[in-house]
Amino acid sequence: MTNVLPALIAKRSEMAGEAEALQMRVRQILIELDALGIMIRTFQPDIDLDEVRSKQLPPRHAGYRGEVARAVMTILRTEKRPMVSRDIALRVMAERSLNTADKHLVNTIKKRIGACLRHNRSRGIVRNASGPGKTVDWEIP
């Protein structure tokens, strides 16, 4: 019980610092947006910048083309043992600094890994190995 209060205070302090950093980042972005608006108006003075729609950022877990496949193959090569897709997904997430405690994100990445593995199985790059119980293990032949 004596450790609870200091831990809560430390967590609050950490979160307050993070909030301040985010506010500073938002201020900087707004300054940059204003500067861009001034430059745009230099070339087209009558533009209504409120009509320009915001571009949605891709989710943080989105990867470049082939990035997941390279990560999966690297993991299978270094492990040199059959692995289930969930373990591969957790390793990929850890390497990309993604939250492995987020169950929804783990399932999303696991589905991507599974699709990658099935695609590579059809090309003969990986194969299924018999795992304990009903699990499907993957390995490089």
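Residues numbered from 1 in each chain as written. Predicted model: local features only at pLDDT ≥ 70, side-chain atom pairs only at ≥ 80, totals over all residues. Heavy atoms only, no water.

## Details of the confidence of the model for the protein chain
We apply this condition: Confidence of the predictor at the level of single residues is captured by pLDDT, which takes values from 0 to 100. Think of it this way: any DSSP run of H or I at least four residues long counts as a helix, any run of E at least two long counts as a strand, and we number them from the N terminus.
In the predicted model, the protein chain carries a mean pLDDT of 86, and the fraction of residues at 70 or more is 91%. Within the protein chain, the element-level pLDDT minimum falls on strand S2 (residues 127–130), averaging 80, and the maximum on helix H1 (residues 4–43), averaging 92.

## Things to note about unusual backbone geometry
Located in the positive-phi region is Ser97, a residue other than glycine, with phi close to 55°. Relative to the helices and strands, Ser97 is located in the loop between helix H3 (85–95) and helix H4 (103–122).

## Things to note about the sheet that holds strand S3 (residues 136–139)
Test applied: Pairing between strands is defined by DSSP: at least two bridges between them are needed.
On the basis of which strands lie adjacent, the open sheet formed by 3 strands has the order S1-S3-S2 and antiparallel pairing. Each edge of the open sheet is held by one strand with a lone partner, namely strand S1 (83–84) and S2.

## Focus on the packing of H3 against H4
The test is simple: The angle between two axes is taken between their N-to-C directions and runs from 0 to 180 degrees, where each axis is a line fitted to C-alpha atoms and a helix contributes only its stretch in contact. In what follows, roughly perpendicular refers to angles from 65 to 115 degrees, roughly parallel to angles under 35, roughly antiparallel to angles over 145, and oblique to any angle outside these ranges. Two helices crossing with the near one rotated counterclockwise from the far one by less than a right angle form a left-handed crossing, whereas a clockwise rotation gives a right-handed crossing. Note on contacts: a residue pair qualifies if any of its non-hydrogen atoms lie within 4.5 Å across the two residues. Three classes are used, and their members are as follows: Ala, Val, Leu, Ile, Met, Phe, Trp, Tyr, Cys and Pro are nonpolar, Asp, Glu, Lys and Arg are charged, and the others, Gly among them, are polar.
Where H3 contacts H4, the axes come no closer than 9 Å and their chain directions differ by 115°. Put simply, H3 runs roughly perpendicular to H4. Our pair here, H3 against H4, has a crossing hand that is right-handed. Counted together, Ser85, Arg86, Ile88, Ala89, Leu90, Val92 and Met93 of H3 and Leu105, Val106, Ile109, Lys110, Ile113 and Leu117 of H4 form the full contact between these two elements. Of the residues assigned to the contact of H3 with H4, the class counts are 10 nonpolar, 1 polar and 2 charged.

## Let's talk about the pattern of salt bridges
Rules: Put simply, a salt bridge is a Lys or Arg side-chain nitrogen that is within 4 Å of an Asp or Glu carboxyl oxygen. Buried means the residue's accessible area, taken with a 1.4 Å probe over protein chains only, is under 20% of the maximum for its type, while exposed means over 50%, and partly exposed covers the values in between.
Per the stated rule, a full pass over the model turns up 5 salt bridges. Among the salt bridges present, the one from Arg96 reaches Glu67, with a minimum N-O distance of 3.7 Å. You can see Arg96 sitting in the loop between H3 and H4 and its partner Glu67 sitting in helix H2 (residues 67–79), a full 29 residues away along the chain. A salt bridge links Arg127 to Glu139; the shortest N-O distance between them is 2.8 Å. Of this pair, Arg127 sits in strand S2 while Glu139 sits in strand S3, and the two are 12 residues apart along the sequence. Judged by relative accessible area, Arg127 falls into the partly exposed class, the value being 41%. Beyond isolated ion pairs, a larger network of salt bridges with shared partners links Glu79, Arg81 and Arg91.

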